[in-house]
Amino acid sequence: LCRGIDDRVIQTETERKSISVEQTFSEDLQTVEQCLAALPKLLDDLHSRIQRSSKRVVIGKQFVKIKFKDFVSTTVEQTTTELELPLFNLLCKVGFRRGDKPVRLLGLGVRMCTDARFTQLELKLASSA
């Protein structure tokens, strides 16, 4: 292998681990409020991409990717089982504070659970009588 000789079979099919959408803006977004205003459309695009997916998507995390004016990127993610705009808003605010400068690109996405053993179970509290 160190000489560049590798006779292993090339694997061209891999299991998809995430689905995301992103938008590069023609004019940088100057404030966190402008970023938050762009999220609903990105979320609609993400919903569409998930629905077009060839297999059932089990969400494990959702994330926001931000690329600033100087091309420095940051990603903020949180464990969840469904798409939630309020959580995307929170992640966007956290990410924006990391750079606190104009934003060139915003992206939203989900990381998928590939094994049911790692799915978060719901906590059901017993009602007190």
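Located above this text is the structure these notes cover.
Attention in this report is confined to the structure presented alongside it. Keep in mind that this is a model prediction, so the values were computed, not measured.

**A short note on the environment of Leu83**
Stage number 1. In this structure, Leu83 sits in the loop between β3 (73–79) and α2 (85–99).
Stage number 2. Placed 37 residues apart in sequence, Leu83 and Leu46 show a C-alpha to C-alpha distance of 9.3 Å.
Stage number 3. Excluding its chain neighbours within four sequence positions, the residues that come into contact with Leu83 are Leu43, Leu46, His47, Ile50, Ile59, Gln62, Phe88 and Val110.

**A few points about the pattern of salt bridges**
Stage number 1. Considering all chains together, one arrives at six salt bridges under this definition.
Stage number 2. As a salt-bridge pair, Asp45 and Lys41 come within 3.0 Å of each other at their nearest N and O atoms. Here Lys41 and Asp45 lie together in helix α1 (residues 32–52), a separation of four residues that amounts to about one turn.

**Quick notes on the side chain of Thr80**
Stage number 1. Along the chain, the position of Thr80 falls in the loop between β3 and α2.
Stage number 2. Here the side chain of Thr80 touches Glu84 through a polar contact of 3.1 Å, side chain to side chain.
Stage number 3. Setting aside residues up to four positions removed in sequence, Thr80 forms contacts with Ile59, Gly60, Lys61, Gln62 and Leu87.

**Some details on the environment of Lys55**
Stage number 1. For Lys55, the location among the structural elements is in the loop between α1 and β2 (59–68).
Stage number 2. For Lys55, a relative accessible area of 40% puts it in the partly exposed group.
Stage number 3. Sequence-wise, Lys55 and Arg16 are 39 residues apart; in three dimensions their C-alpha atoms are separated by 9.7 Å.

**Focus: the packing of α1 against α2**
Stage number 1. The N-to-C vectors of α1 and α2 enclose an angle of 135°; their axes lie 10 Å apart at closest approach. As far as their axial angle goes, α2 and α1 are oblique. The element α1 and its partner α2 pack so that their crossing is right-handed. In this structure, α1 contributes Val32, Cys35, Leu36, Leu39, Pro40, Leu43 and Leu46 to the contact, and α2 contributes Leu85, Phe88, Asn89, Cys92, Lys93 and Phe96.
Stage number 2. Its residues assigned to classes, the contact of α1 with α2 comprises eleven nonpolar, one polar and one charged.

Analysis parameters
Residues numbered from 1 in each chain as written. Predicted model: local features only at pLDDT ≥ 70, side-chain atom pairs only at ≥ 80, totals over all residues. Heavy atoms only, no water. Helix = DSSP H or I, 4+ residues; strand = E, 2+ residues; numbered from the N terminus. Contact = heavy atoms within 4.5 Å. Salt bridge = Lys/Arg side-chain N within 4 Å of Asp/Glu carboxyl O. Polar contact = N/O pair within 3.5 Å; in protein donor to acceptor, adjacent residues only side chain to side chain. Buried < 20%, exposed > 50% of the residue type's maximum accessible area, 1.4 Å probe, protein only. Axes fitted to C-alpha atoms, helices over the stretch in contact; angles between N-to-C directions. Parallel < 35°, antiparallel > 145°, perpendicular 65-115°, else oblique. Left-handed = near helix turned anticlockwise from the far one by under 90°. Nonpolar A, V, L, I, M, F, W, Y, C, P; charged D, E, K, R; others polar.

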